[in-house]
Amino acid sequence: MKIFLVIGISLAALTSAAETYLFEPYVDAQYSCNWIEGLNYRIPVEAQSAEEALALVKPQVGQSLVVGCNRDIYQCVHKDGDVEPRPISFSHEERSLMLIGGRILNSEGTQELLQIGQVHYHRNLRPLPKCKW
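Note that the structure is predicted; figures quoted are calculated from it, not measured. (Residues numbered from 1 in each chain as written. Predicted model: local features only at pLDDT ≥ 70, side-chain atom pairs only at ≥ 80, totals over all residues. Heavy atoms only, no water.)

**Overview of the overall build of the chain**
Secondary structure summary: the chain contains 2 helices and 8 strands in total. Along the chain, helices and strands appear, N-terminal first, in the series α-β-β-β-α-β-β-β-β-β. The buried share among the 133 residues of the chain stands at 29%. Contacts in the chain between residues at least 24 apart in sequence constitute 72% of all its contacts with a sequence separation of at least 6. If you sum the accessible surface of the chain, you get close to 8900 Å²; carbon and sulfur atoms cover 55% of it. (Helix = DSSP H or I, 4+ residues; strand = E, 2+ residues; numbered from the N terminus. Buried < 20%, exposed > 50% of the residue type's maximum accessible area, 1.4 Å probe, protein only. Contact = heavy atoms within 4.5 Å. Areas by Shrake-Rupley, 256 points an atom, 1.4 Å probe, with all protein chains shown as cover.)

**Observations concerning the packing of aromatic side chains**
Per the counting criterion, the structure on display carries 2 aromatic pairs. Aromatic pair tryptophan 35 and tyrosine 74: ring centres 6.5 Å apart, planes at 65 degrees, arrangement edge-to-face. Residue tryptophan 35 is found in strand β2 (residues 35-36), and its partner tyrosine 74 is found in strand β5 (residues 73-79); the two are separated by 39 residues along the sequence. Overall, the relative accessible area of 32% leaves tryptophan 35 in the partly exposed class. (Phe/Tyr/Trp six-rings, centres within 6.5 Å; stacked < 30°, edge-to-face > 60°.)

**Thoughts on the state of the cysteines**
The full count for this structure, using the stated rule, is 2 disulfides. Between the sulfur of cysteine 33 and that of cysteine 69 lies a disulfide, 1.8 Å long from S to S. Note on the cysteine 33 and cysteine 69 pair: the S-S dihedral is about -125 degrees, so by sign convention the disulfide is left-handed. Separated by 36 residues along the polypeptide, cysteine 33 in the loop between β1 (19-28) and β2 and cysteine 69 in strand β4 (residues 64-70) bring together distant segments of the chain. This pair shows no difference in class: cysteine 33 is buried, exactly as cysteine 69 is. (Disulfide = S-S within 2.5 Å.)

**Here we look at the confidence of the model for the chain**
The share of residues in the chain with pLDDT of 70 or more is 87%, and the mean pLDDT across the chain is 86. Within the chain, the lowest mean pLDDT, 38, falls on helix α1 (residues 11-15), and the highest, 97, falls on β4. (pLDDT = per-residue confidence, 0-100.)

**Focus: unusual backbone geometry**
Backbone geometry at glutamine 30 places phi at a positive 55 degrees, although glycine is not the residue there. Looking at the secondary structure, you find glutamine 30 in the loop between β1 and β2. Owing to a relative accessible area of 46%, glutamine 30 belongs among the partly exposed residues under this scheme.

**A word on the pairing of strand β6 (residues 82-89)**
For a regular strand, the rule is simple: side chains alternate between the two faces of the sheet. Pairing between β5 and β6: 7 bridges, direction antiparallel. Across the sheet, cysteine 76 pairs through a bridge with proline 85, a residue of β6. (Pairing = 2+ DSSP bridges.)

**Structural notes on the pairing of β1**
Counting buried positions over the 10 residues of β1 gives 8, a clear majority of the element. Across 5 bridges, the pairing between β1 and strand β3 (residues 43-47) is antiparallel. Within the sheet, the bridge partner assigned to phenylalanine 23 lies in β3 and is isoleucine 43. With 7 bridges joining them, β1 and strand β7 (residues 92-105) adopt antiparallel strand pairing. Residue phenylalanine 23 lies in a different strand from β7, and its bridge partner there is isoleucine 104.

Rendered as structure tokens:
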């Protein structure tokens, strides 16, 4: 008895259909956000290649973008003989911030494919408090 494996070639591979990439925008947070979450944290982009996705989003650099901004308030809290910053109130709001760069990721968001601009992360995120004994 012989077993045959059939290898299927998808129609998408033959027709070079558009793929979905993720654009992770970097913004100038102006010290108003702890980090970016929710709205426009990652934006899906339909393109034939990562380079085309880059070309589609590149004109947006320098423009305003509405993003989800984590605005939790942190305070130094004693815990198990240590002092560390902990959230004491939770807040989230949408803010219009300047897009300063970003990166193109694969559709799962696990691999960086291309970088946009000279900035490699968000600028001016609010720092957590420094806790001392």
